[in-house]
Amino acid sequence: MISEARSVLLLLFGGALLRISLTDVYLRYVKAGVRPLLIAAGVVLVVIAVVTLARELFGRYKAAHDHGHGHGGVVAWLLVLPVLAIFLVGPPALGSYAAGRSGTAVTQKSQYPPLPAGDPLAMPLIDYGSRAIWDSGLSLANRRIKLTGFVVPRPGGGIWLARMVLTCCAADARPIKVLMHGNVPGDLPANMWLEVIGKYQPGQDADPVNTEPIPYVSVISYRQIKEPEEVYE
């Protein structure tokens, strides 16, 4: 019975991997470019599980036919429950709770070329943060910028607009935070997704987790939006 449970566990794990990789759910865990590898891995796991389970069931049936029926333990099947839970109910993407307990991760670039045309110019939060901090906002001057992220309440008051950034997968996710000033109420709920139109505002906040600088953005307008398909930058 233990060997059968192991095969079923492998089958469910491969099936769950295929389920998330054939839909947009996989973007909650890894970057978009990893999708082909996830699909290939899921197929391999399912094939191995089906072949192994078929051989085990055939061998058990033959042994029972020759020597009488036997009974195995039920406890081994409890190993299937965690994978079955993942298969049926996938966890949500990382949000305000994770961002509020992790330090901001704005990285410095070697150069900051002029921004392309566009008004407002849609920009990843990590690019805005990098230019605002390390370029002192010079390349952002007099430009209207469109940023997308979710609400993270700031300890002591105020609201951060945040987005999680992946290096490889959700396990190494780090937040990018921007402190919103101007036309912003202070009671927006955590994890609400916003599309913000704003301009660079001089000044920096200090992240209470790792003391790294958090740039400001002067909000001209904002609107609530649905969670995007690609929740991570």
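Residues numbered from 1 in each chain as written. Predicted model: local features only at pLDDT ≥ 70, side-chain atom pairs only at ≥ 80, totals over all residues. Heavy atoms only, no water.

A.B. asks: Can you walk me through the packing of aromatic side chains in this structure?
C.D. replies: Two aromatic rings are characterised by how far apart their centres lie and by the angle between their planes. Counted according to the given criterion, the structure contains 1 aromatic pair. Note on Phe-150 and Trp-193: the rings are 5.4 Å apart at their centroids and 70° apart in plane angle, and the pair reads as edge-to-face. Pair noted here: Phe-150 is in strand 2 (residues 145-153) and Trp-193 is in strand 5 (residues 193-206), with a separation of 43 residues, a long-range link. (Phe/Tyr/Trp six-rings, centres within 6.5 Å; stacked < 30°, edge-to-face > 60°. Helix = DSSP H or I, 4+ residues; strand = E, 2+ residues; numbered from the N terminus.)

A.B. asks: Would you mind going over the side chain of Lys-177 with me for this structure?
C.D. replies: On the secondary structure map, Lys-177 appears in strand 4 (residues 174-182). Looking at Lys-177, its side chain comes within polar contact range of the main-chain oxygen of Ser-102, at 2.9 Å. (Polar contact = N/O pair within 3.5 Å; in protein donor to acceptor, adjacent residues only side chain to side chain.)

A.B. asks: I tried to follow the pattern of salt bridges on my own but got confused; where do I start?
C.D. replies: Side-chain pairing between opposite charges can occur once the charged atoms of the two side chains come close. Tallied over the entire structure, the rule returns 5 salt bridges. For Arg-144, the salt bridge identified is with Asp-119, shortest N-O distance 3.0 Å. With a gap of 25 residues between them, Arg-144 in the loop between helix 5 (125-134) and strand 2 and Asp-119 in the loop between helix 4 (96-100) and strand 1 (121-122) connect regions that are remote in the sequence. Arg-163 serves as the salt-bridge partner of Glu-233, at 3.9 Å between the closest nitrogen and oxygen. Of this pair, Glu-233 sits in the segment after strand 6 (213-224) while Arg-163 sits in strand 3 (residues 159-165), and the two are 70 residues apart along the sequence. (Salt bridge = Lys/Arg side-chain N within 4 Å of Asp/Glu carboxyl O.)

A.B. asks: What exactly am I supposed to notice about the nonpolar core here?
C.D. replies: In this structure, Met-123, Tyr-128, Ile-145, Leu-147, Met-180 and Leu-194 are the most contacted members of the largest nonpolar core, which totals 26 residues. If you list the elements that add at least two residues to this core, you get helix 5, strand 2, strand 3, strand 4, strand 5 and strand 6. Per-element accounting of this core gives the leading share, 5 residues, to helix 5. Here Leu-147 is in contact with Met-123, Pro-124, Leu-125, Tyr-128, Leu-161, Leu-194, Glu-195, Val-196 and Val-217, once residues within four sequence places are set aside. Counting 17 residues, the second largest nonpolar core, distinct from the first, contains Phe-150, Trp-193, Ile-214 and Tyr-216. (Core = buried A, V, L, I, M, F, W, Y, C linked by side-chain atoms within 4.5 Å. Buried < 20%, exposed > 50% of the residue type's maximum accessible area, 1.4 Å probe, protein only. Contact = heavy atoms within 4.5 Å.)

That is the geometry; function is a separate question.
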